[in-house]
Amino acid sequence: MTFTEWFIFFLVVQVIHFAGTWKLYKKAGRQAWEALVPVYNAVILMKIINRPWWWVILLFIPIVNLIMFPVIWVETLRSFGKKSTTDTWLAILTLGFYIYYINYAQDVSHIKERSLKPATTVGEWVNSILFAVIAATIVHTYFMQPFTIPTSSLEKTLLVGDFLFVSKMHYGARLPQTAIAFPMVHDTIPLLGIKSYTTKPQIPYMRLPGFEDIEKNDIVVFNWPVDTVNAFHQYGDGKYHYKPIDKKSNYVKRAVATPGDSLKIVEGQIYINGKKLAFPERANPQFSYKGKTNGQPLSAEYMYKMYDVTDGFSYDPNTNEFYIPALSKGAVTRLKNNPYIESLERIIYPKDYKMTNMFPNDGNKRYNVDFFGPIYIPKKGKTVKIDAKSLPFYKRIIEVYEGKEMGVTNKITKNGTQILLNGQPINSYTFKQDYYWMMGDNRHNSEDSRVWGYVPFNHVVGKPVFIWFSKDKFAAKFLDSIRWDRIFTTVSGKGTPVSYLPYALIILVIVVGWNFFKKRQNKKS
């Protein structure tokens, strides 16, 4: 839906509200016209139902308002004496239209000073849980979201099994675009395994101001741009399923190139605008290696324990040759000093070896994971030439990222050698938003921009800032699996990450002790 369509929808809702409540406004001592004025009518309604004015704000927060609307319907009925279980269920099951019946067919009186305290313990629990969910949804949507590292593409910087807090504020919180969704879950309802949202209606893209821009080498959580995939996990039927932007799968990669950059990869090394990219201290790029022992066999357990080698390690006892999919620079040095190792060689695909799954995925073989580009990273407001050579790189941007996903119909066709946009000849295109090039540090074991291309800014979710828990999936016992040295550490920064867990435990003990002391004092008094 466009902003115009949403505005019309908003006005229709106001008319529906007026038609169903104007008599109740009058019975509460207000004027009928007060039920018609947008926003003001909500403020007056809060006075009628004896609830604080700031509840109005909750009615305009996407997803949160889905929880608040039923609450308001029930509170309105109770303010006019309709407080039975039947009244409550009728309000919810009719989506609030039961209030029409009360408004026109029932002789009710307004209870001005009604008690807001729940009549039962169950009601009190429901109230507490309801507003806990609302508070958590606001935090989850606009401030901080928990996230789990599922793959090893950023191994050594972020490990598989790290549980993160991702800040929505750094780059600006993106307002939900999916208007109807189950709160605090992504695309699937846990345990039930069913879709957690409806694809319509969609709210136009909006983002709150952030306090920093995405910089080179920032680790970024984003929605996977091509995730309108053939079969994502909750369906598993092999068919195409459309997913709105904010419901596409969450990915985490490093932003190695920002808008306006020219990127080139040579022998696995990244060059930005002709200069080799310098990584921050905590970054630890890894590459694939092959080697041979002097006859001493190598086990996966030994390699994991000594060199942090995880999935994919293989050893052939017949030839004494081994393969390591990802090895850091420090581990390479230590492995070369191992007396059992006869040879160790980094695997680099030759420049003339062309892979079929490389961006722009147009069937032409151009690049491989070690030799890629040069390629331009689109910047908002910049104009590029559109011809047969450049079109494959920008076609998805024009048709999808700045077309369908922005509510615009953009269709690229060809008439001989002439390129047409919606039937009109074009030879250039001006970008409407910024784009980024995201890559994993695990260079041969990361599906990233080299495979699926640019990441639009409207797909950016946030910045990982804090590891609150970390679990090693290879450990047999739970206590042995906990990486204590990673709990309560920061993602960014210089030097080795330092755990703040001891300080957190001290603060927790102080808070619990203080609350216990205050309770005892209150009992005595």
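Use the structure listed above.
Computed from a predicted structure; not experimentally measured. (Residues numbered from 1 in each chain as written. Predicted model: local features only at pLDDT ≥ 70, side-chain atom pairs only at ≥ 80, totals over all residues. Heavy atoms only, no water.)

1. Some remarks on the environment of V226
Mapped onto the fold, V226 is located in the loop between strand 5 (219–223) and strand 6 (250–257). Look past the residues within four positions of V226 in its chain and what remains in contact with it is R396, Y401 and W452. (Helix = DSSP H or I, 4+ residues; strand = E, 2+ residues; numbered from the N terminus. Contact = heavy atoms within 4.5 Å.)

2. Section: the nonpolar core
In terms of nonpolar packing, the biggest core is built from 46 residues, with L263, F372, I375, I386, W437 and Y454 touching the most fellow members. Core analysis: the second largest hydrophobic core is formed by 33 residues, M68, V71, I138 and Y142 among them. (Core = buried A, V, L, I, M, F, W, Y, C linked by side-chain atoms within 4.5 Å. Buried < 20%, exposed > 50% of the residue type's maximum accessible area, 1.4 Å probe, protein only.)

3. Looking at the pattern of salt bridges
Per the counting criterion, the structure on display carries 14 salt bridges. K216 serves as the salt-bridge partner of D261, at 3.0 Å between the closest nitrogen and oxygen. A residue pair is termed long-range when its members are at least 10 positions apart, and D261 in the loop between strand 6 and strand 7 (262–266) and K216 in the loop between strand 4 (194–195) and strand 5 qualify at 45 residues. A relative accessible area of 5% means that D261 is categorised as buried. (Salt bridge = Lys/Arg side-chain N within 4 Å of Asp/Glu carboxyl O.)

4. As for the packing of helix 1 (residues 3–27) against helix 2 (residues 40–48)
The angle between the axes and the distance between the axes are what describe a pair of packed helices. Closest axis-to-axis distance for the helix 1/helix 2 pair is 12 Å, and the angle between their directions is 35°. Like other packed secondary-structure pairs, helix 1 and helix 2 cross with a definite hand, here left-handed. Facing helix 1, whose interface residues are Q14, H17 and Y25, helix 2 presents N41, I44, L45 and I48. Across the contact of helix 1 with helix 2, the residue classes break down as four nonpolar, three polar and no charged. (Axes fitted to C-alpha atoms, helices over the stretch in contact; angles between N-to-C directions. Left-handed = near helix turned anticlockwise from the far one by under 90°. Nonpolar A, V, L, I, M, F, W, Y, C, P; charged D, E, K, R; others polar.)

5. What to know about the packing of helix 8 (residues 300–307) against helix 9 (residues 329–336)
Here helix 8 crosses helix 9 at 115°, and the two axes come no closer than 11 Å. Across from M303, M306 and Y307 in helix 8, the residues of helix 9 making contact are A331, R334 and L335. Among the residues forming the contact of helix 8 with helix 9, the class breakdown is five nonpolar, no polar and one charged.

6. Re helix 9
Three- or four-residue spacings in an α-helix give side chains the same orientation, since the helix completes a turn every 3.6 residues. Buried within helix 9 we find A331, V332 and L335. Down the axis, helix 9 shows its buried residues gathered within 105° of arc, on one side only. Contacts made by the buried residues of helix 9 are with strand 10 (286–293), helix 8, strand 12 (321–328) and strand 13 (341–346). (Arc of directions from axis to C-beta.)

7. Considering the sheet that holds strand 18 (residues 424–425)
Pairing is antiparallel in the open sheet, where three strands are placed in the order 16-17-18. Whereas interior strands pair on both sides, the edge strands pair on one side only; in this sheet they are strand 16 (412–415) and strand 18. As judged from the four bridges shared by strand 16 and strand 17 (residues 418–421), these two strands associate in the antiparallel manner. Looking at the pairing, I412 lines up with L421 of strand 17. Packed onto the sheet, helix 10 (residues 391–401) meets strand 16 and strand 17 and runs at close to 135° relative to strand 16. (Pairing = 2+ DSSP bridges.)

8. Here's the deal with a nonpolar patch on the surface
A cluster of nonpolar side chains, namely I8, V12, I16, L95 and F97, defines an oily patch on the protein surface of about 460 Å² accessible area. Note on placement: L95 falls in the loop between helix 5 (85–93) and helix 6 (98–105). (Patch = residues over 30% accessible without salt bridge, like charges linked within 9 Å, V, L, I, M, F, W, Y side chains within 5 Å. Areas by Shrake-Rupley, 256 points an atom, 1.4 Å probe, with all protein chains shown as cover.)

9. Describing the layout of surface pockets
In this structure, the largest pocket spans a volume of roughly 1,500 Å³. Every residue lining the largest pocket is counted, 40 residues in all, and those nearest its centre are F9, V13, L59, N65 and F69. Those elements giving two or more residues to the lining of the largest pocket turn out to be helix 1, helix 2, helix 4 (64–78) and helix 6. Of the residues forming the lining of the largest pocket, the biggest block, 11 residues, is contributed by helix 1. Of the residues assigned to the lining of the largest pocket, the class counts are 32 nonpolar, eight polar and no charged. (1 Å grid on protein atoms, 1.4 Å probe; cavity = no way out; pocket = protein on both sides within 12 Å on 5 of 7 lines; lining within 4 Å. Points joined across faces, edges and corners; volume = space filled by probe spheres on them.)

10. What about unusual backbone geometry?
The omega angle of the peptide bond from K200 to P201 is 0°, so this bond is cis rather than trans. Examined against the element boundaries, P201 turns out to sit in the loop between strand 4 and strand 5. Going from G373 to P374, the amide bond is cis rather than trans, its omega being 5°. Tracing the backbone shows P374 in strand 14 (residues 372–376). Residues other than glycine seldom take positive phi values, yet N361 does so here, at roughly 55°. Topologically, N361 is positioned in the loop between strand 13 and strand 14.

11. Here's the deal with the sheet that holds strand 14
If you trace the four strands from one edge of the open sheet to the other, you get 9-8-7-14, paired in antiparallel fashion. Strand pairing shows two members of the sheet lacking a second neighbour, strand 9 (275–276) and strand 14, which therefore form its edges. With three bridges connecting them, strand 7 and strand 14 associate as antiparallel partners. In the strand pairing of strand 14, S262 is matched with Y376.

12. Examining the environment of N442
Structurally, N442 can be placed in the loop between strand 20 (435–439) and helix 11 (449–452). Under the relative-accessibility criterion, N442 is labelled buried at 2%. Distance from N442 to F7, taken between C-alpha atoms, is 47 Å for residues 435 residues apart in sequence.

13. A closer look at the packing of aromatic side chains
Under the counting rule described, the total for this entry stands at 33 aromatic pairs. A centroid spacing of 5.9 Å and a plane angle of 25° characterise the contact between F165 and W468, whose relative ring orientation is stacked. Linking F165 in strand 2 (residues 162–167) with W468 in strand 22 (residues 460–470), this pair joins segments that are 303 residues apart in sequence. When its relative accessible area of 32% is taken as the criterion, W468 is described as partly exposed. Ring pairing ties together the aromatic residues F359, Y367, F372, F393, Y394, Y401, Y429, F431, Y435, W437 and Y454, which thus form one cluster. We note R346 situated over the ring of F287; from NZ or CZ to the ring centre the distance is 3.9 Å. (Phe/Tyr/Trp six-rings, centres within 6.5 Å; stacked < 30°, edge-to-face > 60°. Lys NZ or Arg CZ within 6 Å of the ring centre and 35° of its normal.)

14. With respect to the side chain of D472
The topology assignment puts D472 in the loop between strand 22 and helix 12 (478–481). In this structure, D472 is in contact with Y304, S481 and R483, ignoring residues within four places of it in sequence.

15. A word on helix 2
Along helix 2, the positions that sit buried rather than exposed are N41, A42, I44, L45, M46 and I48. Along its buried surface, helix 2 packs onto helix 1, helix 3 (55–58) and helix 4. In the segment just after helix 2, N50 is the residue with positive phi, at about 60°.

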